[in-house]
Structures are given as C-alpha cells and as structure tokens.
Amino acid sequence: MSINRVNISGNLTRDPELRATQGGMQVLGFGVAVNDRRRNQQTGEWEDYPNFVDCTMFGNRAESMGRILHKGMKVAIEGKLRYSSWDKDGQRRSKLEVIVDEIELMSQKQGQQAPQGYQQQYAPQPAPQAAPQQWNAQQGYQQAPAQYAPQPAPQAAPQQAPMPPAQESLYDGDIPF
C-alpha cells in the first residue's frame, strides 16, 4: 500500500488560468509559493527559501474558484501528487504537480471581499445543535431533561477550590517523591 496525500499552504504566485479539455472538462492551473526555513551556514541567520508548486483543479469547482482566486492570496490545499512527462523539441520534460481535492481561502486581496455567491455557497455554516438525548433501557432514546441541554460556555475559567484537609492527607501518601 502507498499513500499519496499532500497538504500545503502558501500564496498564489500568479492569477489562475482556466481552460477546458476537448470533452468540456474545466481545468484550473495555478502556482503556490511555499516557504521553507533554513539556517544560512555563513551568517547563522534563518532564511526563507521558496518552493514553487504547480496545482491543478478539475470540474465545476475549478470554474468557480477561477473567479475567486487571485495572485497573492493565501490558500491551504489538500490533494495528491501527480507526475507527468512528455517530449518537447526532442527533449524529455517532466513535472510534479498537486491535484487539488480541497482548497481553503486563508486571506484575500486588501480591500476585496469574496463574491456574494461564494459567501452563500462555500462559506462554512455553523453546525445545527441537536437536542441531547438520554438512553432509557425500556423506552430507548428520549429527550434529555432541560438540565442536560447545551449551555453557553462560561466567560472565565472556573477556579479550582482548595481540597479539604481530610482529602489532602489522603493523596499526600500516594506521591512517590
């Protein structure tokens, strides 16, 4: 068995290029710059070294993302690697690219908002809160009493009450040091 999964985050190096195959499949191509930090042996300082990764997306999502993505945007991508090779002008060429399965926008151009359709269609929605249920051996699952309903999170972390002296001595003997 082999695993072919890639997770990267970085900035788009160019505006995406949307094209279509002869069969009508939409293909979106773009590049992402991913920085790698290395220590400079001569100066001892940490420096960023960019890696440029070609990414490809297919189908209806490619078409819609082509309208949203722009050079400089920060994105997170999950996908798989694909190796391609071909002959051009008598020379053998090859490349390794990421086939995008999932993409998340991490920033937008300054002063730009996501298109209205994107906000409605792709923006994460809060998960609906299901009412808690309680198991009863005779009647199965039932609605839990109101005291077990979800409560809003407390604003400040509760303070731990000091242990009563009787319990303190109980635990002191258990500590091996």
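As a starting point, this report considers the structure included with it.

Each value, and the rule that gives it
Residues numbered from 1 in each chain as written. Predicted model: local features only at pLDDT ≥ 70, side-chain atom pairs only at ≥ 80, totals over all residues. Heavy atoms only, no water. Pairing = 2+ DSSP bridges. Helix = DSSP H or I, 4+ residues; strand = E, 2+ residues; numbered from the N terminus. Patch = residues over 30% accessible without salt bridge, like charges linked within 9 Å, V, L, I, M, F, W, Y side chains within 5 Å. Areas by Shrake-Rupley, 256 points an atom, 1.4 Å probe, with all protein chains shown as cover. Salt bridge = Lys/Arg side-chain N within 4 Å of Asp/Glu carboxyl O. Buried < 20%, exposed > 50% of the residue type's maximum accessible area, 1.4 Å probe, protein only. Core = buried A, V, L, I, M, F, W, Y, C linked by side-chain atoms within 4.5 Å. Contact = heavy atoms within 4.5 Å.

## Considering the pairing of strand β1 (residues 6–12)
Two elements, β1 and strand β5 (residues 74–88), share 6 bridges in a ladder whose sense is antiparallel. From the neighbouring strand, Asn7 faces β5, where its bridge partner is Glu78. Relative to strand β3 (residues 26–39), β1 runs antiparallel, the two sharing 2 bridges. Within β3, the position partnered with Leu12 by the bridge is Val32.

## Considerations on a nonpolar patch on the surface
A surface patch of nonpolar side chains, amounting to about 320 Å² of accessible area, comprises Leu81, Tyr83 and Leu96. Position of Tyr83 among the secondary structure elements: in strand β5.

## Some details on the pattern of salt bridges
In total, this model carries 8 salt bridges according to the counting rule given. Residue Arg37 is joined to Asp48 by a salt bridge in which the shortest nitrogen-to-oxygen separation is 3.2 Å. A residue pair is termed long-range when its members are at least 10 positions apart, and Arg37 in strand β3 and Asp48 in strand β4 (residues 46–58) qualify at 11 residues. Note that Arg82 and Glu97 form a salt bridge whose closest N and O atoms lie 2.7 Å from each other. Placement of the pair is Arg82 in strand β5 and Glu97 in strand β6 (residues 91–105), with a sequence separation of 15 residues. For Glu97, a relative accessible area of 3% translates into the label buried. What emerges from the salt-bridge pattern is a single network uniting Arg5, Glu78 and Asp101.

## A short note on unusual backbone geometry
Despite not being glycine, Asp89 shows a phi value in the positive range, around 55°. You can call Asp89 exposed: its relative accessible area is 72%.

## Looking at the nonpolar core
Residues Phe30, Val32, Cys55, Leu69, Ile77 and Ile103 are the most contacted members of the largest nonpolar core, which totals 21 residues. Excluding anything up to four places from it in sequence, Ile77 contacts Val6, Asn7, Ile8, Phe30, Val32, Cys55, Val98, Val100, Glu102 and Ile103.

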